[in-house]
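# Topology and contacts: notes
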Amino acid sequence: MTPQHYDVIIIGTGAGGGTLAYKLAATGKQILILERGGFLPREKANWDAKEVYQKERYHTHESWYDRQGRPFRPGTGYWVGGNTKVYGAALLRLRQQDFDAVSHQDGVSPAWPLKYEDFEPYYTEAESLYSVHGLQGEDPIEPPRSQGYPHPPVSHEPRMQEFCEGFQHHGLRPFHLPLGIKLDESNPASPCIRCNTCDGFPCLVQAKADAEVSAMRLAQQHPNVTLITAAQVVGLQTSPSGREVTAVAVEMEGRSHLFASDIVVVACGAINSALLLLRSANDQHPNGLANRSDQVGRNFMKHLATAILAINAQPNPAVYQKTIAINDFYWGEPDFPYPMGQVQNTGNVLGEMIPAEAPAVLAPLVKLVPGFGLDQIASHSTGWWLQSEDLPDANNRVRVMGDKVCLEYKPNNTKPHDRLIQRWMQVLKAIDHSTQSHIVPMGIYPRNSIPLQAVGHQCGTCRFGEDPTTSVLDLNCRTHDIDNLYVVDGGFFPSNSGVNPTLTIIANALRVGDHLKDRMK
């Protein structure tokens, strides 16, 4: 079979692959984009909390296995736009210091081979492309910026503004969470309608700045760009020398196809990109493609994350609640000189979300509460998301065991995260005492650590670096071992930082896009 030939093949359409497709589309080069899923359907279920949260309507039905060999259904979806179709659209830059070696209580977060200054212009480009709303100067530890945000911050609704004022009263410095949504609050015809089903939901009105809406649609306007959906890449074939990929093997509708190109870019997400390289082992690469260093699949990171539900006697009528972030504990506090992490709002809490998100200790009770009771709880609730950096560990890894996908992960650096949880609960109680003591002495704070199967914020597995014995990719995200093979997703991260990784994945895809444009001249 003679494979069809292209200049570039991009595998995956998420934050990495979709953005790279946009960046390269105007070159006129023949670009093939392969996506194992289809377009996420626009349907009423997009905004149905029971369908999205309890039934996991938009997640794959695959079974993966944890380090004890127990199966789980991963919270990942295969769609044009990847997991950005259901992300919360929080788009933050890594801190300038995050690119340096940082001491943590459990070890050192390694330095990046490139620095913040190398990414800054691409962060600016990424914020423009993904319609980021924010306010320069509010974030107390924000890195230097060459330009302000392209759009004004998303305003706080009255109840959320009360929270901000309460935090400020207690010495904290809340700021508007940078968000990628297509919102114009001065325009009644704004695409975004500030609904209560955004974080974790697909956007029925297509107003979330996801990789399909913000990048893939623009790429597809170019006649040289071809997108094939429902095309699962099952392997990469190499030349006899093993120094170049010669064909991409794809399964479509039960049939096998081969495609070839001068350049192949893997952008399946940190977990699935590592799986593809490992599954493509051959005589020249017996441990998997680009795995001379034995680092493919290793150093998997996903943040230590906990959701806290603050239930208060005072109703919270805010519809779009996810507008606040707190970085006051990011680098620790006076009596604790180690990073603790970031606090953000979650999206609006809805009654039918609570059974899916309740802590294990409360789950049996929640099941006994009728729907109207859950709605009452939700109407008095505010969700908070706490995330801390986990450190790269070679034993936290993605593996292929026969036909099984194994995700071996043991949390580390947990004490700073536990401290952040306790510290934030103290803050919430202080707010209750100072603002609501005439109603209730304190709120109720059930909390739930985000389990492994969520697999959000995934990064590591194919770290970039200058030393081919300790890294998989070079500084341009080309594999050290194979000249025409690149990986452009969260796999390239050497460390995790304490902020959401998506904007850095987007910025890196734009950076690698400039390199590829130069290479193809």
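Look up: the structure comes first, before these words.
The sections below set out a description of the structure shown in this document. It should be emphasised that the depicted structure is a prediction, and the values quoted were computed from it without experimental measurement.

## What about the overall build of the protein chain?
Scanning the protein chain from N- to C-terminus turns up eleven helices and 21 strands. Scaling as 2.2 N^0.38, a compact globule of 521 residues should have a C-alpha radius of gyration of about 24 Å, and the protein chain matches this with 22 Å. Referenced to the eigenvectors of the C-alpha coordinate spread, the extents of the protein chain come out at roughly 75 × 50 × 50 Å. Looking at the 521 residues of the protein chain, the share that counts as buried comes to 60%. Taking all contacts inside the protein chain whose residues are at least 6 apart in sequence as the whole, residues at least 24 apart take part in 73%. Looking at charge distribution, the protein chain has the averaged site of its 45 positive side-chain charges lying 3 Å from that of its 54 negative ones.

## Some details on the pattern of salt bridges
Under the counting rule described, the total for this entry stands at 30 salt bridges. Across the salt bridge formed by R478 and D474, the nearest N and O atoms sit 3.4 Å from each other. Residues K521 and D518 are paired through a salt bridge, measuring 3.2 Å at the closest nitrogen-oxygen approach. On the basis of relative accessibility, which here comes to 81%, the residue K521 falls in the exposed class.

## Let's talk about the packing of aromatic side chains
Going through the model one piece at a time under the given rule, you end up with 23 aromatic pairs. Summarising the aromatic geometry, the rings of F300 and Y409 are spaced 5.7 Å apart at their centres and angled 85° between planes, so their arrangement reads as edge-to-face. With F300 in the loop between α6 (270-279) and β14 (304-311) and Y409 in the loop between β19 (404-408) and α10 (414-436), the pair connects residues that are 109 residues apart, well separated along the chain. Positioned above the aromatic ring of Y149, the side-chain terminus of R145 is 3.8 Å from the ring centre. Note that R159 overlies the ring of F163, its terminal NZ or CZ placed 4.4 Å from the centroid.

## A few points about the environment of E125
With respect to the helices and strands, E125 occurs in helix α3 (residues 116-129). For E125, a relative accessible area of 25% puts it in the partly exposed group. Considering only alpha carbons, one finds E125 and L510, 385 residues apart in sequence, at a separation of 7.9 Å. Leaving out residues up to four positions away in the same chain, E125 has contacts with K23 and L510.

## What to know about the sheet that holds strand β16 (residues 342-345)
Neighbouring strands of a sheet are bound in pairs by backbone hydrogen bonds; such pairs are parallel or else antiparallel. In spatial order, the strands read β8-β15-β16-β17-β14-β20; together these six strands make up an open sheet with antiparallel pairing. Each edge of the open sheet carries a strand with a single partner, namely β8 (175-176) and β20 (447-449). Across four bridges, β16 lies against strand β17 (residues 381-388) in antiparallel orientation. Directly across from Q342, in β17, lies its bridge partner Q387.

## A few points about the nonpolar core
Residues L34, Y130 and L236 are the most contacted members of the largest nonpolar core, which totals 111 residues. With eight residues, the single largest contributor to this core is helix α11 (residues 502-519). Each residue touching L34, except ones within four places of it in the same chain, is listed here: I9, I10, I11, G12, I228, A231, V233, V248, V250 and F259. Counting 23 residues, the second-largest nonpolar core is a separate cluster that includes M160, C164, I324 and W384.

## Regarding helix α5 (residues 211-219)
Within α5, seven of the nine residues are buried, which leaves the element mostly enclosed by the surrounding structure. Turning to α5, its buried residues are A211, E212, V213, S214, A215, M216 and A219. Looking at the packing, one finds that the buried side of α5 touches α1 (17-25), β2 (31-34), α3 and β10 (225-228).

## Quick word on the environment of L204
Of note, L204 is situated in the loop between β9 (179-180) and α5. Ignoring sequence-local partners within four residues, the contact set of L204 consists of R42, E43, N46 and W47.

## Overview of empty space enclosed by the protein
Under the defined criterion, the tally for this structure stands at five cavities of 30 Å³ or more. Counted as a void, the second largest cavity has a volume near 80 Å³. In terms of residue class, the lining of the second largest cavity is built from ten nonpolar, one polar and two charged.

## Here's the deal with the pairing of β2
Along any regular strand the residues' side chains alternate between the sheet's two faces. Here β2 shows two buried faces, one formed by I31 and I33 and the other by L32 and L34. Judged from the four bridges that link them, strand β1 (residues 4-11) and β2 form a sheet pairing that is parallel. For I9, the partnering residue across the bridge sits in β2 and is L32. With α1 bridging β1 and the parallel β2, this β-α-β connection has right-handed handedness. Looking at chain direction, β2 and β10 are connected through four bridges and run parallel. Its bridge partner being in β10, I31 is matched across the sheet by V225.

Each value, and the rule that gives it
- Residues numbered from 1 in each chain as written.
- Predicted model: local features only at pLDDT ≥ 70, side-chain atom pairs only at ≥ 80, totals over all residues.
- Heavy atoms only, no water.
- Helix = DSSP H or I, 4+ residues; strand = E, 2+ residues; numbered from the N terminus.
- Rg over C-alpha atoms; globule rule 2.2 N^0.38 Å.
- Buried < 20%, exposed > 50% of the residue type's maximum accessible area, 1.4 Å probe, protein only.
- Contact = heavy atoms within 4.5 Å.
- Lys, Arg positive; Asp, Glu negative; His and termini not counted.
- Charge placed at Lys NZ, Arg CZ, Asp CG, Glu CD.
- Salt bridge = Lys/Arg side-chain N within 4 Å of Asp/Glu carboxyl O.
- Phe/Tyr/Trp six-rings, centres within 6.5 Å; stacked < 30°, edge-to-face > 60°.
- Lys NZ or Arg CZ within 6 Å of the ring centre and 35° of its normal.
- Pairing = 2+ DSSP bridges.
- Core = buried A, V, L, I, M, F, W, Y, C linked by side-chain atoms within 4.5 Å.
- 1 Å grid on protein atoms, 1.4 Å probe; cavity = no way out; pocket = protein on both sides within 12 Å on 5 of 7 lines; lining within 4 Å.
- Points joined across faces, edges and corners; volume = space filled by probe spheres on them.
- Nonpolar A, V, L, I, M, F, W, Y, C, P; charged D, E, K, R; others polar.
- Right-handed = clockwise from strand over helix to strand, strands pointing away.

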